Each structure stands twice: as C-alpha cells, then as structure tokens.
Amino acid sequence: RKEVEQDPGPFNVPEGATVAFNCTYSNSASQSFFWYRQDCRKEPKLLMSVYSSGNEDGRFTAQLNRASQYISLLIRDSKLSDSATYLCAVNPRGGKLIFGQGTELSVKP
Amino acid sequence: DAGITQSPRHKVTETGTPVTLRCHQTENHRYMYWYRQDPGHGLRLIHYSYGVKDTDKGEVSDGYSVSRSKTEDFLLTLESATSSQTSVYFCAISDLGQGASEQYFGPGTRLTVT
C-alpha cells in the first residue's frame, strides 16, 4: 500500500458543480497535511494547509479525518480556472513530506 | 510568490555527461529540497538540505549528489546522466523541516537525457 494515495481521476465536472477529492494516508502518526494545486507544466503551488478542525478559504474547504486516515478537499461553485491537478501532501511523524500522485480536475463550460 | 529560481529551465544533454542544476532562493529559508516528477510516480524526494553544508538523502538519491555552500543556493548534480534521469526537477524550500511546514516550489527544470 502506498503511503499516500489519491484517485487520479480525471474528474470532469460542469461549471458551478461541487466536487470533492479524498487523499488517504497509511501512517496514523502523520501530523501535517497540505493541498497543492499544479497546473500543466508548472510547479505545485500551495492551496491550503489542513488543520484538525478543518479550514475554509472561499470556495475551498479542507478537512481531516484522523479516524479513517484521510484528508479531503471540497470545491464549491467550480470555475473553469479550477481545472488543474490537485496534490495532497502528508508528513509522517518525523519524516519528510510525502506527496500523492495527484487528482486531475477538468471543469467544463 | 516565494523567491525561488531554478536554472537552467530546460536542458538537453547526452548520456554520460555531467549535469548541474541550480536552485536559488531569496527567502532565507533553512531547508531546501530537490524533487523529480515523473508520470505515474508523482513527486519524489532526491536530496534535501537542513543548512549550509548539511544534506541528506531522499527516496531516490542514487546517481545524484548535492551541495549547499550558501543558504541561498542548492545544487543538484547528475554525475553521469542516464536516460532514466529524464524528468522534471523541482526545487522547494521551507522554513521548518521534517515536513512540519509547507514547502514552496521553484518553476522547475525540464531535463532530457538522450
């Protein structure tokens, strides 16, 4: 089992839709969690850190479920500009950041 | 955007030649990282640095070496490039190590080994 797993997608959704991605991790002692966005042929850019209490930034909501060992990213009212690959990153206790392979999102008109 | 630059941005080289990639930051962050990104594998850590002259291996360090003589510069060297090292290389920085804080990435270097 991979340390961090994501559904690669692609997720094809219409504009205005709500879409959610999950990212599962294997190390129950993991302490830090992040979501990154990566556009085609560009570098990953930090989208959100994920806190235990969950956090929201505009149309984006990130949540952590420690019991089931996953983090989620919810995007409401999808825009064409949200089309990208979304990477999760997890820090196993005392270790380096481990990245998932990414979930591709395509928002269609 | 974090002040991170990488050079060169694109390079084509022949098998067996040495190649050095440079990462330069203006954020004065202590930690610097080199990743490679390949289809089907995602981002994989090659080497990282936790201070000047302090480096350690990552997940896929074979065939690569690094050096950090100044806080702002982190060099990745392929001693004798092979076709399997064709990839996109990203540098990243963070102010806390061990994955405790978010990492910020440079624009990447596309390396092709023929």
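All chains use their own residue numbering, which begins from 1 and follows the written sequence. All chains are assigned letters beginning with A, and all ligands numbers beginning with 1, in the order in which they are written. The model is predicted, so local features are restricted to residues of pLDDT at least 70 and side-chain atom pairs to those at 80 or more, both for listing and for counting; the totals for chains, interfaces and linings are taken over all residues. Water and hydrogen atoms play no part in the side-chain values, which are based on all heavy atoms of the structure.

(A) Molecular detail of the overall build of chain A. A run of DSSP states H or I qualifies as a helix once it reaches four residues; a run of E qualifies as a strand once it reaches two. Both are numbered from the N-terminal end. Helix and strand content of chain A: zero helices and 11 strands. Each helix and strand of chain A, placed in order from N terminus to C terminus, yields the pattern β-β-β-β-β-β-β-β-β-β-β. Restricting the calculation to C-alpha atoms gives the radius of gyration, and the globule rule supplies 2.2 Å times the number of residues raised to the power 0.38. For 109 residues, the compact-globule estimate of 2.2 N^0.38 gives 13 Å, and the C-alpha radius of gyration of chain A, at 13 Å, lies within 12% of that figure. Over its C-alpha atoms, taken along the principal directions, chain A stretches across nearly 45 × 30 × 20 Å. When accessible area is computed with a 1.4 Å probe and restricted to protein chains, residues below 20% of their type maximum are described as buried, those above 50% as exposed, and intermediate ones as partly exposed. Among the 109 residues that make up chain A, the fraction classed as buried is 46%. For this analysis, residues touch if any pair of their heavy atoms sits within 4.5 Å. Of all intrachain contacts in chain A linking residues separated by at least 6 positions in sequence, the fraction that spans at least 24 positions is 56%. Counting every atom, chain A has about 5300 Å² of accessible surface; 45% of that belongs to carbon and sulfur. By the counting scheme adopted, Arg and Lys are positive, Glu and Asp are negative, and His together with the chain ends is not counted. To locate a charge, the coordinates of NZ of Lys, CZ of Arg, CG of Asp or CD of Glu are taken. Between the mean site of the 13 positive side-chain charges and the mean site of the 11 negative ones, chain A shows a separation of 5 Å. Every accessible area reported is derived by Shrake-Rupley at a probe size of 1.4 Å, with residue values counting cover from the shown protein chains alone.

(B) Region of interest: the state of the cysteines. In plain terms, two cysteine sulfur atoms within 2.5 Å form what is called a disulfide here. Summed over all chains, the structure comprises two disulfides over all chains. Put simply, cysteine 23 of chain A and cysteine 88 of chain A are joined by a disulfide, and their sulfur atoms are 1.9 Å apart. Since a negative S-S torsion denotes a left-handed disulfide, the cysteine 23 of chain A-cysteine 88 of chain A link at about 65° is right-handed. You can see cysteine 23 of chain A sitting in strand β3 (residues 19-25) and its partner cysteine 88 of chain A sitting in strand β9 (residues 84-91), a full 65 residues away along the chain. When sorted by exposure, cysteine 23 of chain A lands in the same class as cysteine 88 of chain A, which is buried. Through a disulfide, cysteine 23 of chain B is tied to cysteine 91 of chain B; the S-S separation comes to 1.9 Å. Across the S-S bond of cysteine 23 of chain B and cysteine 91 of chain B the torsion is about -70°, and the bridge reads as left-handed. Of this pair, cysteine 23 of chain B sits in strand β3 (residues 19-25) while cysteine 91 of chain B sits in strand β9 (residues 87-94); the two residues are 68 residues apart in sequence, bridging distant segments of the chain. Accessibility assignment for this pair places cysteine 23 of chain B and cysteine 91 of chain B in one class, buried.

(C) Highlighting the sheet that holds β3 of chain B. All names here are of chain B. The criterion for strand pairing is that DSSP finds at least two bridges linking the strands in question. Across the sheet, which stays open at both edges, the four strands sit in the order β1-β3-β8-β7 with antiparallel pairing between neighbours. Each having just a single partner strand, β1 (4-7) and β7 (64-70) make up the two edges of the open sheet. The mean inter-strand angle of the sheet, taken between neighbouring strand axes irrespective of direction, is 20°. Judged from the six bridges that link them, β3 and strand β8 (residues 73-78) form a sheet pairing that is antiparallel. Axis definition: a line fitted to C-alpha atoms, over the contacting stretch in the case of helices. Angles run 0 to 180 degrees between N-to-C directions.

(D) Highlighting the interface of chain B and chain A. Across the contact, 21 residues belong to chain B and 19 residues belong to chain A. Two parts lose some accessible area (1.4 Å probe) when they are put together, and adding that loss for both gives the buried area. With both chains or domains summed, chain B and chain A bury close to 1600 Å², and 53% of this area falls on carbon and sulfur atoms. Salt bridge, as used here: a side-chain nitrogen of Lys or Arg that lies within 4 Å of a carboxyl oxygen of Asp or Glu. Joining chain B to chain A, the criterion identifies zero salt bridges. Two N or O atoms count as a polar contact when they lie within 3.5 Å, although within protein this holds only if one can serve as hydrogen donor and the other as acceptor, and sequence-adjacent residues are included solely when both atoms are side-chain atoms. Our count for the chain B to chain A interface comes out at three residue pairs in polar contact (both at pLDDT 80 or more). Elements represented by at least two residues in the side of chain B that touches chain A include exactly β4 (31-38), β5 (42-51) and β10 (104-105) of chain B. Side-chain classes follow a simple rule in which Ala, Val, Leu, Ile, Met, Phe, Trp, Tyr, Cys and Pro form the nonpolar group, Asp, Glu, Lys and Arg form the charged group, and the remainder, Gly included, forms the polar group. Here the side of chain B that touches chain A is composed, by residue class, of nine nonpolar, nine polar and three charged.

(E) Examining the pairing of strand β7 (residues 60-65) of chain A more closely. Residue and element names in this part refer to chain A. When strand β6 (residues 55-57) meets β7, the two strands line up antiparallel, connected through three bridges. By the bridge assignment for β7, asparagine 55 is matched with alanine 62. Turn length for the β6-β7 hairpin, with the two strands adjacent in sequence and antiparallel, is two residues, and the turn residue glycine 58 shows positive phi of about 65°. Relative to strand β8 (residues 70-75), β7 is paired through six bridges, and the arrangement is antiparallel. Bridging from a neighbouring strand, alanine 62 pairs with leucine 73 of β8.

(F) Region of interest: unusual backbone geometry. In this model, glycine 9 of chain A is joined to proline 10 of chain A through a cis peptide bond whose omega is 10°. One can find proline 10 of chain A in the loop between β1 (4-6) and β2 (11-14). Residue proline 8 of chain B is bonded to the preceding serine 7 of chain B through a cis peptide linkage, with omega at -10°. Secondary-structure assignment places proline 8 of chain B in the loop between β1 and β2 (10-13). Phi at aspartate 77 of chain A takes a positive value of approximately 50°, unusual for a residue other than glycine. Turning to its location among the elements, aspartate 77 of chain A is positioned in the loop between β8 and β9. On the accessibility criterion, aspartate 77 of chain A (35% relative accessible area) is partly exposed.

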